[in-house]
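Residue-level structure breakdown
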Amino acid sequence: MSTSTTTPAGVLESLPGQLLIGGQWRDGRGGAFDVIDPATGEPLRAVADATAEDALAALDAAAAAQRGWAATPARQRAEVLRRAFALMHDRAEALALLATLEMGKPLAESRAEVAYAAEFFRWFSEEAPRVDGGFRPTPEGTHHILVMRQPVGPSLLITPWNFPLAMPTRKIAPALAAGCTAVLKPAEQTPLSALAIAQILTEAGLPPGVLNVLTTADPEPVGAALLTDPRLRKVSFTGSTPVGSHLLRGAADRVLRVSLELGGNAPFIVFDDADLSAAVDGAMAAKMRNIGEACTAANRFFVAESIAEPFTRMLAERMATLAIGPGSDPRSQVGPLIDAAGRDKVAGLVDDARAGGATAVLDGGPLPGPGFFFAPTVLTGVAPDARLLREEIFGPVAPVLTFRDEDQAVAAANDTEFGLLAYVYTADLRRSLRVVEQLEAGMVGLNQGVVSNAAAPFGGIKLSGLGREGGREGIGEFLETKYVGIAR
Ligand code: NAP
């Protein structure tokens, strides 16, 4: 893919569309499958369909490359990542268009995702040479303790469709920086961005076999073949909680290292002392980023009774003005949802809430095709047992509920099995710290509606996952600790 190929046809044709195994682009033994444009429902292009046999060939390549990559000086590994960072910026327009075509988000958001995704390459290029260990005497003075940190080994990286560039780079960058080789399995709906990233890493000088990519329409046999192979040492997964716990069970037999970034159900709490217009800005970002298809999306708004009416009115007014259309049209602010099943799921959640007594302040809903569009919707009066409050919405729907006091707000926010992220808007510092401490979440946005940053430890608690990605913590997920006792 070159900088000049920024037409849809140019971007699509410049991609290999095959599996990357041991540095070779190869056809899949399962044939090929079509990637669908969610704005039209039409195929964009076909990519190779990997089988379990292809998966084992990819692991052969990763295992063969492991020793050499681990022995490659950290500075050299870092320079590959740093070149990949630069190449992503050189090709930002083409990558953004590709992500928009296969995932649907507006171009402006895809451009932001290119920058976010590339940042993982830069951040972990800086972390690679900083991996250290320790040296200390035992308290008894009998021997010395040397602590080494070494790459875990060949890793399976499985990513979802909603951030088709950033989810792969958030895993590939720390794995490679730590000295691990990897097999990447991107989502069936969005394999093209992952192939473009693999192409970039190859051009950046990554040796054959260090990163292998399996696109497939049938993930279960591919995943199972890898999880049961003794050469695999780690699985890092981002996706839904049911698939994450299925993989965790699969990883148990071989006691694999596991990182899981799973679903969310983020509360967005607005206290009566908050800057109302900043809270609405934050709500727009937290709800509408990525068309609401983000694990970090605000799923439930809890607003102090005294300001609930103006907050809801302002939010509904802002959501009503957004232009809906294909992400590749620069005027669009709300693209299509990923597929018919995704759109129908959101519609079902809204129907269920309305049947339970909810009122639409902004009456959006599914739009006729082509494509899988859903107009922004704001609901009030949602019953506590509505599915909308229990499940990830993954669409542009905002349920606004009210609270009387701080304790009620915190209890309502924590009333979920998920614990990825919470948002809090208040001008009171003491209340901020009190509430943040009580929230059951791996991350909190305090007076801000977007928290994602390559330098921050991203991750959840409860059903939202295990481990952290990004930050100093991210590389640790791909390192083992070895203690050496040294006689005096
Ligand atoms: P998903 O259905 O769980 O799929 C995620 C990935 O797992 C895809 O690549 C999928 O392949 C693969 N997969 C599915 N079943 C598998 C199996 N049996 N063995 C091996 N791999 C398997 O999730 P999604 O619908 O793509 O993504 C949306 C979910 O991701 C949401 O719940 C969202 O909250 C979560 N998410 C979390 C974070 C976070 O950081 N916490 C970030 C982004 C998204 P196929 O595509 O072929 O099915």
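Structure: above.
Residues numbered from 1 in each chain as written. Predicted model: local features only at pLDDT ≥ 70, side-chain atom pairs only at ≥ 80, totals over all residues. Heavy atoms only, no water.

Our next topic: unusual backbone geometry. In this model, glycine 369 is joined to proline 370 through a cis peptide bond whose omega is 5°. Mapped onto the fold, proline 370 is located in the loop between strand 15 (365–366) and strand 16 (374–375). In this model, valine 255 sits at a positive phi of 45°, which is unusual for a non-glycine residue. Residue position: valine 255 is located in the loop between helix 9 (241–252) and strand 11 (257–261). Backbone geometry at phenylalanine 394 places phi at a positive 55°, although glycine is not the residue there. (Helix = DSSP H or I, 4+ residues; strand = E, 2+ residues; numbered from the N terminus.)

Right, let's talk about the sheet that holds strand 17 (residues 377–380) for a bit. If you trace the 7 strands from one edge of the open sheet to the other, you get 14-17-18-13-12-20-21, paired in mixed fashion. The open sheet has two edge strands with one neighbour each: strand 14 (359–362) and strand 21 (443–446). On average, adjacent strands in this sheet sit at an angle of 25° to one another, irrespective of strand direction. Here strand 17 pairs with strand 18 (residues 397–403) via 4 bridges, running parallel. In the sheet register, threonine 380 faces strand 18, and the bridge partner there is valine 400. Contacts from helix 11 (residues 305–320) reach strand 12 (266–270), strand 13 (298–304), strand 14, strand 17 and strand 18 within the one sheet, and its direction differs from that of strand 13 by about 140°. (Pairing = 2+ DSSP bridges. Axes fitted to C-alpha atoms, helices over the stretch in contact; angles between N-to-C directions. Contact = heavy atoms within 4.5 Å.)

Moving on to the site of the ligand. Residues in close proximity to the ligand total 30 residues, the closest being Thr159, Arg170, Glu220, Ser240 and Glu392. At a separation of 2.7 Å, an oxygen atom of the ligand approaches a polar backbone atom of threonine 159. Take glutamate 188: an N or O atom from its main chain is 2.8 Å from an oxygen atom of the ligand. Taking 910 Å² as the accessible area of the ligand by itself, protein coverage stands at 88%. (Near = heavy atom within 4 Å. Polar contact = N/O pair within 3.5 Å; in protein donor to acceptor, adjacent residues only side chain to side chain. Areas by Shrake-Rupley, 256 points an atom, 1.4 Å probe, with all protein chains shown as cover.)

No statement about biological role is implied by the geometric values presented.
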